[in-house]
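Structural description and commentary
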Amino acid sequence: MKEEKVKYALVTGGSRGIGRAVCVQLAKDLDYQLLINYNGNKEAAEETLALVKEAGGNGTLLQFNVTNGEEVRSKLDDWHEANKNGVIEVLVNNAGIAKDGLFMWMSPDDWSSVINTSLNGFYNVTNALIQKLLVNKYGRIINMVSVSGLKGTPGQTNYSAAKSAVIGATKALAQEVAKRKVTVNAVAPGFIATDMTAELDESELKKMIPANRFGKAEEVAHVVSFLASDKASYITGEVININGGIYS
Ligand code: NAP
């Protein structure tokens, strides 16, 4: 008898912020086991898993640093080896960092670490999984970009470049894999209240946001959950803004 496949959704940077909200929303909305990736914060990842279980879902933690291509590939290979009946159908490339500062004073490390996390992280994880998604003839890839990748934000030349590049990659890859029922989309949040924006002065910044507030991680997670669902089967190569009207 053929063994039933167990379907998984992998969320990179699922330990905190938007990634955590995405894990919980996917657990509520869709029939996937969660693979919760984190880099260093195991405790926070465990808390995400507890929230996933509270929401009626289940999952496991999968530690890897998205910037380390070899580590990503070997951890995913090991996971597939240990989960012969597991199939990763949804990949949310969410892990990202910001190292803001004026370009004039931007150090090589501030430039490359931001690019390595968002852009090379996208390559490392997606490339390690793409063949399996194509063989599966069904998949959802959702890339967390930013309004900065569309309009460019002063003080974020590195971050804007990284997110802009991921938008280009999203559009190109979408066309390569559409025939196999694999969609590739990007979600572009504006200011969302997470650790990443914790140091920012919301009371001052909200004046330039038409909705007059920062967004919530859960609001972003709803968009991701829709794109990850079967309902979004004819949407691909798209960038969905979620920014309270700050840019369109
Ligand atoms: P956050 O609260 O700072 O969380 C970042 C997450 O990424 C954490 O789970 C962290 O894991 C993980 N991560 C960072 N570097 C990693 C690496 N090298 N390998 C694996 N995981 C790594 O950030 P957030 O605000 O939720 O942002 C999530 C995504 O949304 C990012 O791509 C960000 O650029 C994007 N975004 C955020 C905003 C915003 O306003 N917050 C706006 C637009 C776009 P650990 O917990 O292990 O450190």
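Anything mentioned here points back to the structure above.
Here's what I pulled together on the structure shown here. (Residues numbered from 1 in each chain as written. Predicted model: local features only at pLDDT ≥ 70, side-chain atom pairs only at ≥ 80, totals over all residues. Heavy atoms only, no water.)

1. Side note on unusual backbone geometry
Positive phi, close to 55 degrees, is recorded for K137, a residue that is not glycine. Inspection of the secondary structure assignment puts K137 in the loop between α4 (108–136) and β5 (139–144). The backbone of K181 shows a phi angle near 60 degrees, a positive value even though the residue is not glycine. Structurally, K181 can be placed in the loop between α6 (157–177) and β6 (182–189). (Helix = DSSP H or I, 4+ residues; strand = E, 2+ residues; numbered from the N terminus.)

2. Comments concerning the nonpolar core
Core analysis: the biggest nonpolar cluster contains 32 residues, and V22, L34, V187, V220 and V224 have the highest contact counts within it. Elements represented by at least two residues in this core include exactly β1 (6–11), α1 (17–29), β2 (33–38), α2 (42–54), β4 (86–93), β5 and α8 (217–228). Excluding residues that lie within four positions of it along the chain, V187 makes contacts with I142, N143, M144, V145, S146, V220, V223, V224, L227, I240 and I242. Residues A128, A169, V184 and A186 belong to the second largest nonpolar core, which totals 31 residues. (Core = buried A, V, L, I, M, F, W, Y, C linked by side-chain atoms within 4.5 Å. Buried < 20%, exposed > 50% of the residue type's maximum accessible area, 1.4 Å probe, protein only. Contact = heavy atoms within 4.5 Å.)

3. A word on the site of the ligand
In the vicinity of the ligand, 32 residues are found, and the nearest of them are S15, N65, N94, Y159 and T194. In the environment of the ligand, a nitrogen atom lies 3.0 Å from a nitrogen or oxygen atom belonging to the backbone of V66. K163 is positioned such that a nitrogen or oxygen atom in its side chain is 2.9 Å from an oxygen atom of the ligand. Listed by contribution, the elements that provide at least two residues to the shell around the ligand are α1, β2 and α6. A class-by-class count of the residues in the shell around the ligand yields 13 nonpolar, 16 polar and three charged. (Near = heavy atom within 4 Å. Polar contact = N/O pair within 3.5 Å; in protein donor to acceptor, adjacent residues only side chain to side chain. Nonpolar A, V, L, I, M, F, W, Y, C, P; charged D, E, K, R; others polar.)

4. Looking at the side chain of T170
Within the secondary structure layout, T170 lies in helix α6. Among the residues examined, T170 registers a relative accessible area of 0% and is labelled buried. Side-chain polar atoms of T170 contact the side chain of N143, separated by 2.9 Å. Those residues in contact with T170 that sit more than four places away from it in its chain are N143, V184, N185, A186, G237 and E238.

5. Points about the pattern of salt bridges
Summed over the entire model, instances satisfying the criterion amount to nine salt bridges. Measuring nitrogen to oxygen at the nearest pair gives 3.7 Å for the salt bridge that ties E89 to K7. Of this pair, E89 sits in strand β4 while K7 sits in strand β1, placing them 82 residues apart in sequence. The exposure class of E89 is buried, given its relative accessible area of 5%. Judged by its relative accessible area of 38%, K7 is partly exposed. Across the pair D109 and K99 runs a salt bridge whose closest N-O atoms are separated by 3.7 Å. (Salt bridge = Lys/Arg side-chain N within 4 Å of Asp/Glu carboxyl O.)

Remember that the coordinates give geometry; whether it matters functionally is a separate question.
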